[in-house]
Amino acid sequence: MKRIKGAFIITMLIAVTGISCKKDDSKKEENVAGAATVTASNYGFDGTAGASFKSTKAGIVQVGGLWTLSAIKDGSNESISIVLGNVTATGTYKLDQGNNEGNGAIMLKDFKTATGVGAYSTDLPATGGMTGGGEVKITKLTATEAEGEFYIVAHNSAGKEAFVEQGKFTGTLNKR
């Protein structure tokens, strides 16, 4: 189990790094991360009442079959990151803890400083034994665009819960 969690965390770090790095050349890339929008009508941490989530500077990146969505809530440091393995077409992808594809999501209260109790993962259990999970449904996937919907249930190292309901994404797909 520790091996799977470590691999998931490393995959998430690579995916987020891939979105935040840019090439150091004079050519303008055709597909640029940051040309996507992510919204959710119900979103929250630690049992608080749900609020809305909106990111107008999200990024969707695909490297081979590894597909990543990263979004920082507008005017906030809260973030949502989803990584899916083996994405080749539209379809439904499970985020359930311990899935065979290596799919998962991380929600951060503050992406700049979140560790331990500030980081919520679909791969961590709640104190009562409830597992994290969720689902991503990619409804459009072309060489340049992606859109779909998702929901997430994640937990932090103290077993507290974070959630996203009625999440939606749309925008430019940055293929590398």
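The structure reproduced in this document is the subject of the present report. (Residues numbered from 1 in each chain as written. Predicted model: local features only at pLDDT ≥ 70, side-chain atom pairs only at ≥ 80, totals over all residues. Heavy atoms only, no water.)

## Some thoughts on the overall build of the chain
Part 1 of the reasoning: Within the chain, the secondary structure is distributed over one helix and ten strands.
Part 2 of the reasoning: Overall, the chain shows an N-to-C arrangement of helices and strands of α-β-β-β-β-β-β-β-β-β-β.
Part 3 of the reasoning: Counting over 176 residues, the chain shows a buried share of 40%.
Part 4 of the reasoning: The contacts of the chain with a sequence gap of at least 6 include a subset with a gap of at least 24, amounting to 60%.
Part 5 of the reasoning: Of the roughly 9200 Å² of accessible surface on the chain, 53% is carried by carbon and sulfur atoms. (Helix = DSSP H or I, 4+ residues; strand = E, 2+ residues; numbered from the N terminus. Buried < 20%, exposed > 50% of the residue type's maximum accessible area, 1.4 Å probe, protein only. Contact = heavy atoms within 4.5 Å. Areas by Shrake-Rupley, 256 points an atom, 1.4 Å probe, with all protein chains shown as cover.)

## Focus on the packing of aromatic side chains
Part 1 of the reasoning: Counting across every chain of the model gives five aromatic pairs.
Part 2 of the reasoning: On the numbers, 4.9 Å between centres and 55 degrees between planes, the contact of Tyr-43 with Phe-53 is tilted. Of this pair, Tyr-43 sits in strand β1 (residues 36-45) while Phe-53 sits in strand β2 (residues 51-63), and the two are ten residues apart along the sequence. Both residues of the pair, Tyr-43 and Phe-53, count as buried.
Part 3 of the reasoning: Ring centres of Phe-45 and Tyr-120 lie 5.0 Å apart, and the angle between their planes is 55 degrees; on these two criteria the pair is classed as tilted. Of this pair, Phe-45 sits in strand β1 while Tyr-120 sits in strand β7 (residues 119-121), and the two are 75 residues apart along the sequence. Both residues of the pair, Phe-45 and Tyr-120, count as buried.
Part 4 of the reasoning: Members of the aromatic cluster, each reached through a chain of ring pairs, are Tyr-43, Phe-45, Phe-53 and Tyr-120. (Phe/Tyr/Trp six-rings, centres within 6.5 Å; stacked < 30°, edge-to-face > 60°.)

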